[in-house]
Amino acid sequence: MEILVYGTINSVMLALYALGFAMVYGVSRLPNFAHGALYVLSGFITWSFLNSLGLNYLLSIVLAILATGIIGALIYQFVLIRVRGMEISEIMASYAIGLAILEGLRYGGFKGMTYTLPAFISGSTEIAGVPVDYQRVLVVVIGIAVVALLWLFTRYTRIGLALRGMAQDERAAMMLGIDSDLMAVTAMGFGSMLAALAAILVLPLGNIVVESGYNILILAIAVCVVGGLGSWMGAVLAAFLIGFAQILTVVYLGSHFQMVVALLAIILTLIIKPSGLFGRQKELEERV
Amino acid sequence: MTIPSEQQRKERIDRGIKVRCDSIYAMMSHRELSYLALPRLILIAGMLILPLVVPSMYWQRVFTISCIYALLAISFDFLAHYVGLVSLGGAFFVGIGGYLAAMANTSLGLSPWLTVPLATLVGGGLCTLLLLPCLPLRGVYFAIVSLMYPLFLARVIEALDILGGTDGIMGIDSFSNRWVEQYFIICILLLILFGVRRLVNMDIGLVLRGVKDNDQAIRASGISVTFYKSVAVFLASAMGCLSGACLVHIYMWSGISLFALDFSIIPIAATVIGGSGTLVGPLLGCLILVPISELLRDFGTLRIVFYALILVAFIIFRSEGLMVYGQRKYHQFERWIKF
């Protein structure tokens, strides 16, 4: 029972980490290696709004999500758009930006001291005999809501449909009058906002540490690769797969193996079925 | 970009001497011979003299480390621009080579002169074997999987507490003295540099570039793509393992930090800055970047920020790199023409 409850929580957290990455990759084929950095950055922005400016918690959350979205969009508009389509330059540039953000935060005094965000609702409850604090319940509820909203967004709004069109066939989308660059910037903005949302939901459970940026990036890549790069629903299913696998290994082998599972999942998936579990259309393209 | 008042554009023309040197007539005169040989001789002489003129032992060590990074950078450049496999896993090669050399030295008691070649060959084979299933992957997929290998191995060593766990393996022999260490690495580096330059112009180099540009055509010619890719990976990973083995003997220590991202990122940064696809460029890039990063050591993690920003700037504004720029200036002259 414990495995079931905590597996679900872990899976939803993984899905939250990965959705932003999956969205950016799906729309503009950009493996956004700055994803983890944006995640940590939004945590620090929220903390600064809350403690340095003394804003209300809800207001600072909303502002932080917007600010991260804008930062993401600016990074794309001014840097990454110039290397669009050159895969290696994209990886290098986005990774370097992520590195600059993370190490800049570390230099800027965010070290030594522990930075924590308060939980939305403190206290805990019991689900089927397993004690769970309210923040974790909230993560699951909001996480499921985000996935549902995203599904509605990509099917029933103009921007969402345009993004989906870009993801399916960029040329056809451009022929139908969709501005490909603008959509790529939008996707990066939304992707960063999703990273920020994940950060704000998950970070109250622990400290804000710079190192977690790298782990989040690996986890996001793991989920997206297993689910099939570019497939959003695949990412959600893969999150559950990896989430439960992680919890099982933690219970039976020890907590050291948590990251090993994610890394092994990436390597095995790419070796056995590089298009992932649910990405079908690109299988021939990626293999010789 | 400013447009000159009249309708002008810049025209680049090959120097006459360059055109003559392209053919066998280069052997006809001293002037042309020296035109071809001079840049190479400057490089070789510079590399051999530099350790003698640097001010202190500390900078000598920095120069040695730069050479080790240069080996990795050449391996990356070769794999990325002549075979089309972009490997972000330089640390994987360093780690395998380093741990093999460390084990051979501490458990079997072999001297560095045996462990380095052993680690190079065995490590190259091991890396090739481990990467073999990933060879059909291309582009971003190979990049991601190669980035994950070193992280995975580091976590496994940490989790299982094998090979010294987080403490690493200590008590490894060093080279007999620092001059031997220095010149051994410089000679190896120069040999490999010119060797790889020769290799990519031989028949096998042609096949490898064919694999990069159009692997279906290679397969249609009845040549095994996987075989040539694995040969290339063996060469590149052997270079990486060699640098790892040297590093272990210099530091007299081998640990998880051999799998650190530094060994994957700095060589790539050096390649981008030095000029990708030139093979000399990465060496030049390392000789610039590694000392700069030592100078900035006082600034702590800010140097990584600085580093990353330089890298982004180069990728975006000067993606050709210093060496390509230099070669253009050497071989061509420019003039404004009206049209």
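1. Some thoughts on the overall build of chain A
Okay, so step 1: A count of helical and extended segments in chain A gives 12 helices and 4 strands.
Okay, so step 2: Expected size for 288 residues packed as a compact globule is a radius of gyration near 19 Å; at 19 Å, chain A falls within 12% of this value.
Okay, so step 3: Across the 288 residues that make up chain A, the buried fraction comes to 51%.
Okay, so step 4: By sequence separation, contacts in chain A at least 24 residues apart represent 73% of the contacts at least 6 residues apart.

2. A short note on the overall build of chain B
Okay, so step 1: The helix and strand tally for chain B stands at 14 helices and 4 strands.
Okay, so step 2: Relative to the compact-globule value of 20 Å for 339 residues, chain B shows a C-alpha radius of gyration of 22 Å, a close match.
Okay, so step 3: With the principal axes as the frame, chain B shows a C-alpha extent of 70 × 55 × 45 Å.
Okay, so step 4: Counting all 339 residues of chain B, 43% fall into the buried class.

3. A short note on helix 10 (residues 225-251) of chain B
An α-helix turns once every 3.6 residues. As a result, residues three or four positions apart point the same way.
Residue and element names in this part refer to chain B.
Okay, so step 1: Between its first and last C-alpha atoms helix 10 spans 39 Å; for 27 residues at 1.5 Å apiece the expected length is 39 Å, and the two agree.
Okay, so step 2: In terms of burial, helix 10 is a largely internal element, 19 of the 27 residues being buried.
Okay, so step 3: Remark: M252 follows helix 10 within two positions and exhibits a positive phi of approximately 55 degrees.

4. Structural notes on the interface of chain A and chain B
Okay, so step 1: The partner chain B presents 36 residues to the 35 residues of chain A that form the contact.
Okay, so step 2: Breaking the side of chain A that touches chain B down by element, the ones donating at least two residues are helix 4 (87-107), helix 9 (212-227) and helix 11 (257-272) of chain A.
Okay, so step 3: If you tally residues by element for the side of chain A that touches chain B, the top one is helix 4 of chain A, at 14 residues.
Okay, so step 4: Its residues assigned to classes, the side of chain A that touches chain B shows 26 nonpolar, 3 polar and 6 charged.

5. Looking at the environment of B:G255
Okay, so step 1: With respect to the helices, strands and loops of the structure, B:G255 is situated in the loop between strand 3 (253-254) and helix 11 (262-274).
Okay, so step 2: Taking the C-alpha atoms as reference points, B:G255 and B:I169, 86 residues apart in sequence, are found 6.2 Å from one another.

6. Quick notes on the pairing of strand 1 (residues 8-14) of chain B
Residue and element names in this part refer to chain B.
Okay, so step 1: The buried fraction of strand 1 amounts to 0 of the 7 residues, a small share that puts the element mostly on the outside.
Okay, so step 2: Here strand 1 pairs with strand 4 (residues 332-338) via 7 bridges, running antiparallel. Residue pairing for strand 4: I13 is matched across the bridge by F333.

7. Some remarks on the packing of helix 9 of chain A against helix 10 (residues 232-252) of chain A
All names here are of chain A.
Okay, so step 1: Axis separation between helix 9 and helix 10 bottoms out at 7 Å; the angle between their running directions is 115 degrees. Considering the angle they form, helix 9 stands roughly perpendicular to helix 10. Handedness of the crossing formed by helix 9 with helix 10: right-handed. Mapping the contact onto sequence places A222, V223, C224, V226 and G227 in helix 9 and G234, A235, L237, A238, A239, L241 and I242 in helix 10.
Okay, so step 2: For the contact of helix 9 with helix 10, a count of residues per class yields 10 nonpolar, 2 polar and no charged.

8. Focus: helix 6 (residues 158-168) of chain A
Residues and elements named next belong to chain A.
Okay, so step 1: Those residues of helix 6 that sit buried are A162, L163, M166 and A167. Seen from one end, helix 6 has its buried residues packed into an arc of 140 degrees, which puts them on one side.
Okay, so step 2: Next to the buried residues of helix 6 lie helix 1 (2-28), helix 5 (134-156), helix 7 (170-175) and helix 8 (180-202).

9. As for unusual backbone geometry
Residues and elements named next belong to chain B.
Okay, so step 1: Unlike most non-glycine residues, M252 shows phi in positive territory, near 55 degrees.
Okay, so step 2: Turning to its location among the elements, M252 is positioned in the loop between helix 10 and strand 3.
Okay, so step 3: For M252, a count of 15 C-beta atoms within 10 Å translates into the label partly exposed.

10. Quick word on the nonpolar core
Okay, so step 1: In terms of nonpolar packing, the biggest core is built from 204 residues, with A:A18, A:V223 and A:I266 touching the most fellow members.
Okay, so step 2: Aside from chain neighbours lying at most four places away, what touches A:V223 is A:L14, A:Y17, A:A18, A:A235, A:A238, A:A239 and A:I242.

11. Looking at the packing of helix 3 (residues 57-83) of chain B against helix 7 (residues 178-201) of chain B
Residues and elements named next belong to chain B.
Okay, so step 1: Between helix 3 and helix 7, the shortest axis-to-axis distance is 10 Å and the interhelical angle comes to 20 degrees. Taken together, the axes of helix 3 and helix 7 are roughly parallel relative to one another. Classified by chirality, the crossing of helix 7 by helix 3 is left-handed. Of the residues in helix 7, those touching helix 3 at Q60, T64, C67, I68, A70, L71, I74, F78 and Y82 are R178, E181, Q182, I185, I186, L189, I192, L193, V196 and V200.
Okay, so step 2: Looking at the contact of helix 3 with helix 7 residue by residue, the class counts come to 14 nonpolar, 3 polar and 2 charged.

12. Focus: the environment of B:G89
Okay, so step 1: Mapped onto the secondary structure, B:G89 falls in the loop between helix 3 and helix 4 (90-106).
Okay, so step 2: Those residues in contact with B:G89, other than ones at most four positions away along the chain, are B:S146, B:L147, B:Y149, B:P150 and B:S264.

13. Points about the confidence of the model for chain A
Residues and elements named next belong to chain A.
Okay, so step 1: On average, chain A scores 80 in pLDDT, and the residues at 70 or more come to 91%.
Okay, so step 2: Per-element confidence in chain A ranges from a low mean pLDDT of 45 for helix 12 (residues 283-286) to a high of 87 for helix 3 (residues 57-78).
Okay, so step 3: In the predicted structure, residues 283-288 sits below a pLDDT of 50 and forms 11 contacts with residues beyond four places in sequence or in another chain.

Cut-offs used in this document
- Residues numbered from 1 in each chain as written.
- Chains lettered and ligands numbered in written order.
- Predicted model: local features only at pLDDT ≥ 70, side-chain atom pairs only at ≥ 80, totals over all residues.
- Helix = DSSP H or I, 4+ residues; strand = E, 2+ residues; numbered from the N terminus.
- Rg over C-alpha atoms; globule rule 2.2 N^0.38 Å.
- Buried ≥ 20, exposed ≤ 12 C-beta atoms within 10 Å, placed from the backbone.
- Contact = placed C-beta atoms within 7 Å.
- Expected span 1.5 Å × (residues − 1).
- Nonpolar A, V, L, I, M, F, W, Y, C, P; charged D, E, K, R; others polar.
- Pairing = 2+ DSSP bridges.
- Axes fitted to C-alpha atoms, helices over the stretch in contact; angles between N-to-C directions.
- Parallel < 35°, antiparallel > 145°, perpendicular 65-115°, else oblique.
- Left-handed = near helix turned anticlockwise from the far one by under 90°.
- Arc of directions from axis to C-beta.
- Core = buried A, V, L, I, M, F, W, Y, C linked by C-beta atoms within 7 Å.
- pLDDT = per-residue confidence, 0-100.

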